[in-house]
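Report on the structure
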Amino acid sequence: MAKGPYNEIVMDHFMNPRNVGEIEDANAVGEAGSGQCGDSMTLYLKIEDDKIQDAKFMTFGCGAAIASSSMMTELLKGRSIDDALNLTNSEVLKALGGLPEAKIHCSIMAEEAVRSAIEDYRKRKGV
Ligand code: FES
């Protein structure tokens, strides 16, 4: 394969993204957007007993944003909400084996979507 800007893990998550879609009975929804490029992402979580049972996403964005969202949902499943808040863009980057410098903000958008979803969850619970 020709050497592009993305490594094989990123290409795999870009071409075959995991967990794309909406969760109808999601009890947490997060939104994030990048002012830099106008791309945006919505994250749906199904949380039970403060544990993330399921995570899905819809992303209108570049390949790196889709790969970051895909990896982020994989990393979120099974985590407690406190642990989910520890999910940073560096962890997503590391799991993806890195992104080109100009694409780091795409992974930051994933981190922001997680924070936004957990905030929504807490608001709904009245915490
Ligand atoms: Fe903006 Fe990737 S999310 S270029």
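See the structure printed just above.
Analysis parameters
- Residues numbered from 1 in each chain as written.
- Predicted model: local features only at pLDDT ≥ 70, side-chain atom pairs only at ≥ 80, totals over all residues.
- Heavy atoms only, no water.
- Buried < 20%, exposed > 50% of the residue type's maximum accessible area, 1.4 Å probe, protein only.
- Helix = DSSP H or I, 4+ residues; strand = E, 2+ residues; numbered from the N terminus.
- Arc of directions from axis to C-beta.
- Contact = heavy atoms within 4.5 Å.
- Expected span 1.5 Å × (residues − 1).

1. Topic: helix 4 (residues 89-96)
- The set of residues buried in helix 4 consists of Asn89, Val92, Leu93 and Leu96. The arc that holds the buried residues of helix 4, viewed along the axis, is 100 degrees, so those residues lie on one side.
- Those residues of helix 4 that are buried lie in contact with helix 1 (8-15), helix 2 (63-76) and helix 5 (104-125).
- Gly97 sits one or two positions beyond helix 4 and adopts a positive phi of about 75 degrees.

2. Focus on helix 5
- In this model, helix 5 (22 residues) spans 33 Å end to end at C-alpha, consistent with the 32 Å of a helix rising 1.5 Å per residue.
- Listed in full, the buried residues belonging to helix 5 are His105, Cys106, Ser107, Met109, Ala110, Glu111, Ala113, Val114, Ala117, Ile118, Asp120 and Tyr121.
- Residues of helix 5 that are buried make contact with strand 1 (28-33), strand 2 (40-48), helix 2, helix 3 (81-84) and helix 4.
- Just beyond helix 5, the residue with positive phi is Gly126, at close to 75 degrees.

3. Describing the environment of Asp49
- Within the fold, Asp49 resides in the loop between strand 2 and strand 3 (51-60).
- Note on Asp49: relative accessible area 79%, which makes it exposed.
- Along the chain, Asp49 and Ile81 lie 32 residues apart, while their C-alpha atoms are 9.4 Å from each other.

4. Notes on unusual backbone geometry
- Even without being a glycine, Asn19 presents a positive backbone phi close to 65 degrees.
- The residue Asn19 is located in the loop between helix 1 and strand 1 in this model.
- Assessed through its relative accessible area of 15%, Asn19 is described here as buried.
- A positive phi angle is found at Asp49, which is not glycine, with a value near 50 degrees.

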